[in-house]
Amino acid sequence: MRMASVNRRDLLIGGSACLTAALVGRAFGAEPLQEVRIGYQKIGALLIVKAQKALERQFEPQGVRVRWVEFAFGPPLLEALGAGAIDYGYTGDSPPIFAQAARANLLYAAAIPARGYGQAIVVPAASSIQDVSALAGKKVAVAKASSDHNLLVTALENVNLPWTAINPVYLAPPDAAAAFVRGAVDAWSIWDPFFAIAEVKQKARALPLDRKVTTQNSFFLVNSRFAVKHPDVVAAINGAVATTTVWADQHHDQVASILAEASGVDLAAEQRSVDRAEFTFGPLNDDVLAQQQAVADRFQKLGLIPAPIHIRDIVWPWKSNT
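Residues numbered from 1 in each chain as written. Predicted model: local features only at pLDDT ≥ 70, side-chain atom pairs only at ≥ 80, totals over all residues. Heavy atoms only, no water.

Caption draft 1: Focus on the overall build of the protein. Summing up its helical and strand segments, the protein has 13 helices and ten strands in all. Going through the 322 residues of the protein one by one, you find that 53% of them count as buried. Contacts in the protein between residues at least 24 apart in sequence constitute 80% of all its contacts with a sequence separation of at least 6. (Helix = DSSP H or I, 4+ residues; strand = E, 2+ residues; numbered from the N terminus. Buried < 20%, exposed > 50% of the residue type's maximum accessible area, 1.4 Å probe, protein only. Contact = heavy atoms within 4.5 Å.)

Caption draft 2: Representation of the sheet that holds strand β5 (residues 119-123) within the structure. Taken together, five strands build an open sheet; the order of strands is β7-β6-β8-β5-β9 and the sheet is mixed. This sheet does not close on itself; its edge strands, each paired only once, are β7 (167-170) and β9 (205-206). As judged from the four bridges shared by strand β6 (residues 139-142) and β7, these two strands associate in the parallel manner. Residue Ala141 lies in a different strand from β7, and its bridge partner there is Val169. (Pairing = 2+ DSSP bridges.)

Caption draft 3: Representation of the packing of aromatic side chains within the structure. Summed over all chains, the structure comprises eight aromatic pairs. Judged by centre distance (6.1 Å) and plane angle (85 degrees), the ring pair of Trp191 and Phe194 falls under edge-to-face. Residue Trp191 is classed as buried on the basis of its relative accessible area, which comes to 7%. Here a set of aromatic residues connected by ring pairs shows up, and it is made of Tyr88, Tyr90, Phe220 and Phe281. In this structure, Lys144 is placed above the aromatic ring of Tyr170, and the distance from its NZ or CZ to the ring centre is 5.2 Å. A cation sits over an aromatic face here: Arg276 above Phe195, 3.9 Å from the ring centre. (Phe/Tyr/Trp six-rings, centres within 6.5 Å; stacked < 30°, edge-to-face > 60°. Lys NZ or Arg CZ within 6 Å of the ring centre and 35° of its normal.)

Caption draft 4: Broad picture of the sheet that holds strand β4 (residues 106-112). Here five strands make up an open sheet; going across it, the order is β2-β1-β3-β10-β4 and the pairing mixed. Each of the sheet's edge strands pairs with one partner strand only, and the pair in question is β2 (65-70) and β4. Pairs of neighbouring strands in the sheet enclose a mean axial angle of 20 degrees, with direction left out of account. Along the sheet, helix α4 (residues 74-83) makes contact with β1 (35-40), β3 (88-91), β4 and β10 (218-223), crossing β3 at roughly 155 degrees. In the packing of helix α5 (residues 94-101) onto the sheet, the strands contacted are β3, β4 and β10, and the crossing angle to β4 comes to about 165 degrees. (Axes fitted to C-alpha atoms, helices over the stretch in contact; angles between N-to-C directions.)

Caption draft 5: Spatial organisation of unusual backbone geometry. In this structure, the amide linkage connecting Asp192 to the following residue, Pro193, adopts the cis form with an omega of 5 degrees. With respect to the secondary-structure elements, Pro193 resides in the loop between β8 (187-191) and α8 (194-202). Although it is not a glycine, Asn160 sits at a positive phi angle of roughly 60 degrees. Tracing the backbone shows Asn160 in the loop between α6 (147-158) and β7. For Asn160, a relative accessible area of 71% gives the class exposed.

Caption draft 6: The packing of helix α2 (residues 44-51) against helix α10 (residues 231-249), seen in detail. Close contact between α2 and α10 brings their axes to 9 Å; oriented N to C, the two are set at 100 degrees. In terms of axis orientation, α2 runs roughly perpendicular to α10. Contacts between α2 and α10 involve Ala45, Leu46, Ile48 and Val49 from the former and Ala240, Val241, Thr244, Thr245, Trp247 and Ala248 from the latter. (Parallel < 35°, antiparallel > 145°, perpendicular 65-115°, else oblique.)

Caption draft 7: Representation of the packing of α10 against helix α11 (residues 252-263) within the structure. Packing of α10 against α11 leaves a shortest axis separation of 7 Å and a crossing angle of 115 degrees. Contacts between α10 and α11 involve Trp247, Ala248 and Asp249 from the first element and His252, Gln254, Val255 and Ile258 from the second. For the contact of α10 with α11, the class distribution of residues is four nonpolar, two polar and one charged. (Nonpolar A, V, L, I, M, F, W, Y, C, P; charged D, E, K, R; others polar.)

Caption draft 8: A look at the nonpolar core. Tyr88, Leu135 and Phe220 are the most contacted members of the largest nonpolar core, which has 101 residues in total. Looking at which element gives the most residues to this core, the answer is α10, with nine residues. (Core = buried A, V, L, I, M, F, W, Y, C linked by side-chain atoms within 4.5 Å.)

Caption draft 9: Focus on the environment of Asn150. With respect to the secondary-structure elements, Asn150 resides in helix α6. In sequence terms Asn150 and Ser94 are 56 residues apart; their C-alpha atoms lie 6.4 Å from each other. Other than its neighbours up to four places away in sequence, Asn150 contacts Asp93, Ser94, Gln216, Val295, Arg298 and Phe299.

By themselves, these observations are geometric and do not establish any function.
Listed below in C-alpha cells is the structure:
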C-alpha cells in the first residue's frame, strides 16, 4: 500500500519549516539541541539519507551535529533507542513490539508500508524442501524479535503448522549467513540485502509464500523523551526521509550504487534488492496500525511477549504541515 503522494509533498515542505521553528526557538529559552543521534542499518532509506548527507546539510549550519550509529539489525537498535543512547532509528515490524512489551521509552514516528517482497524464507538450491509445510522438524535460522521472526511465524500459521513444529535457530544475520553457507541450518528467514546476497552468491531458493499474509511494514521510531523535547526536529528528520524516499523511488540504479558503496555489498545483490524494494513513507494510518497490532497479538498468543500491548499507545502525534 502506497501513501498518497500529496501527503509526502506536504511533509517535505513542512519538515524544513518545522526545523527552522525548532532552531529559532532557542532564542526564546527552548533547550538547545547540540547533537542528533541516528541509529541506522546498512539497508533502506536512512542509509541513503546518510550517504547523501541530507541531515548534515539541514542541521549543521545551525550548529547541530549529526552522529550516525550503526546496528546489525533492529532489536539492539531499539534497545539503544529506548535507553536514550540514540534519538531516532529504523527497524522492521517486530522489534518495536518486543521493545514496547519491555516498556522501552520510544514512539513510532513514521511508517514504510510494504508488501514484503524484500523478505523470504530461503533454502539451499539443492534442498528437497519445496514449501513451508516441509519445514516441519527442520532447523530454521532467524533473528529473534526481527521482522523475519514475524515472517516465519506468519508463514507457518498460513499452512497450519505450529511454531513448535520447527527448530528455530536464533542468530543475527551475519551468523545466520555463515550457518546457511556451511549447511548448519536447513532454511533461513531473512530480509534484503542478505536475501539477495544468498540468491546471488549461494543460488538460494525462496520458498513460495502467500503475500496476503506476509505484509512487512517498516518503521521509524524516536526516543519518547527526545520527541517531547524536540517535536519539530522529529518532523524535520521525517521530512528528510520523505525527500529521500521520493527520490529513491525514481532512481533505482543510483540507489543501488549508493547502497553498494556504503554497505560493501555486491552491486548485483544491491540492484536485486533495490528493484523489489518499496520506497513509501508516511504516518501510521489505520491500515498500518491494524497490521502492526495483528503482529503484536500474534506474538502474545505464542507467549513470545508476556502480555497484550496496544500499538496506538506509543504513536507519535503526526504534526500537521499545513
